[in-house]
Amino acid sequence: GNSVTQMEGPVTLSEEAFLTINCTYTATGYPSLFWYVQYPGEGLQLLLKATKADDKGSNKGFEATYRKETTSFHLEKGSVQVSDSAVYFCALSVGAGNMLTFGGGTRLMVKP
Amino acid sequence: KAGVTQTPRYLIKTRGQQVTLSCSPISGHRSVSWYQQTPGQGLQFLFEYFSETQRNKGNFPGRFSGRQFSNSRSEMNVSTLELGDSALYLCASSPHEGARTEAFFGQGTRLTVV
């Protein structure tokens, strides 16, 4: 079956620190990969996506590269802000339709 | 453009009752999916509808059902509620038939079963 594994949180960083959240996947087929972010009391917002190997998704300073050889899609940001504090979900979609399989989520806390 | 709208935002029900949750997708979006979010199980896919037809279904008991109307609005129903059904239920819409397109989520309905 399909699955997504994310690093456990919480991840606590100081403002302007470098962020990496690891994500690896298992999929039957050739998935599209996504990062979603959830702020307290909110639904999920798409942060970035990649649809084929070696694609790099980027948005708001966040980046992730689709690595087929390592089945990974790690999220990175060079300098985090307090406003980046949220829960981050890695997800994949494969096959017909728009069904998403999510990782367990990683809570990020950024301290001033 | 208005986002995905879910109603109600909060709901408290008693064990054994049934509940109906509503989702209005972004205008023009024809695919609607539902997810259950709990602290223990995380985000789990319930079902997806496209053009009033169920296209995908997750691994949930038959107490969970859904439907989609001709205007793309969707409802999900949970019958014979159990305490474990307490969760945040999220609806997402996607713009077209194509697979694996990005999903736009509503704020969710927080269901508490007592």
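Here, the structure is the one placed above.
Read on for a plain summary of the structure. Remember, predicted model here, so these are calculated numbers, not experimental data. (Residues numbered from 1 in each chain as written. Chains lettered and ligands numbered in written order. Predicted model: local features only at pLDDT ≥ 70, side-chain atom pairs only at ≥ 80, totals over all residues. Heavy atoms only, no water.)

### What about the sheet that holds strand β3 (residues 19–24) of chain B?
Residues and elements named next belong to chain B. The four strands lie next to each other as β1-β3-β8-β7, forming an open sheet whose pairing is antiparallel. Looking at strand neighbours, the two that pair on one side only are β1 (5–7) and β7 (64–68), the edges of this open sheet. The average angle at which neighbouring strand axes cross in this sheet is 20°, direction not considered. Pairing analysis gives five bridges linking β7 to strand β8 (residues 74–78), with the strands arranged antiparallel. Counterpart to glutamine 68 in the pairing with β8 is serine 74. (Pairing = 2+ DSSP bridges. Helix = DSSP H or I, 4+ residues; strand = E, 2+ residues; numbered from the N terminus. Axes fitted to C-alpha atoms, helices over the stretch in contact; angles between N-to-C directions.)

### Focus on the pattern of salt bridges
Oppositely charged side chains may form a pair once their charged atoms are brought near each other. Residues and elements named next belong to chain B. Enumeration over the complete set of coordinates arrives at nine salt bridges over all chains. Between glutamate 82 and arginine 63 there is a salt bridge; the shortest N-O distance is 3.6 Å. Of this pair, glutamate 82 sits in the loop between β8 and β9 (87–94) while arginine 63 is found in the loop between β6 (53–57) and β7, placing the two residues 19 residues apart along the sequence. Its relative accessible area of 42% is what places glutamate 82 among the partly exposed residues. Counted as one network, the salt bridges with shared partners bring together Arg63, Glu82 and Asp85. (Salt bridge = Lys/Arg side-chain N within 4 Å of Asp/Glu carboxyl O. Buried < 20%, exposed > 50% of the residue type's maximum accessible area, 1.4 Å probe, protein only.)

### What about the state of the cysteines?
All names here are of chain B. Under the definition given, this model contains two disulfides over all chains. One disulfide in the model links cysteine 23 with cysteine 91; its S-S distance is 1.8 Å. Judged by the sign of its S-S torsion, about -60°, the bond between cysteine 23 and cysteine 91 is left-handed. Of the two residues, cysteine 23 is situated in strand β3 and cysteine 91 in strand β9; the sequence distance between them amounts to 68 residues. Looking at cysteine 23, the relative accessible area reads 0%, which means it is buried. Judged by relative accessible area, cysteine 91 falls into the buried class, the value being 0%. (Disulfide = S-S within 2.5 Å.)

### Brief notes about the sheet that holds strand β3 (residues 19–21) of chain A
Paired through backbone hydrogen bonds, the strands of a sheet run either parallel or antiparallel to each other. Residues and elements named next belong to chain A. With respect to topology, four strands assemble into an open sheet ordered β3-β9-β8-β7, the strand pairing being antiparallel. Looking at which strands have only one partner, the edges of the open sheet turn out to be β3 and β7 (56–59). In this sheet, adjacent strand axes meet at a mean angle of 15° when their direction is disregarded. In this structure, β7 lies alongside strand β8 (residues 62–65), joined through four bridges in antiparallel fashion. Bridge pairing links asparagine 59 to phenylalanine 62 in β8.

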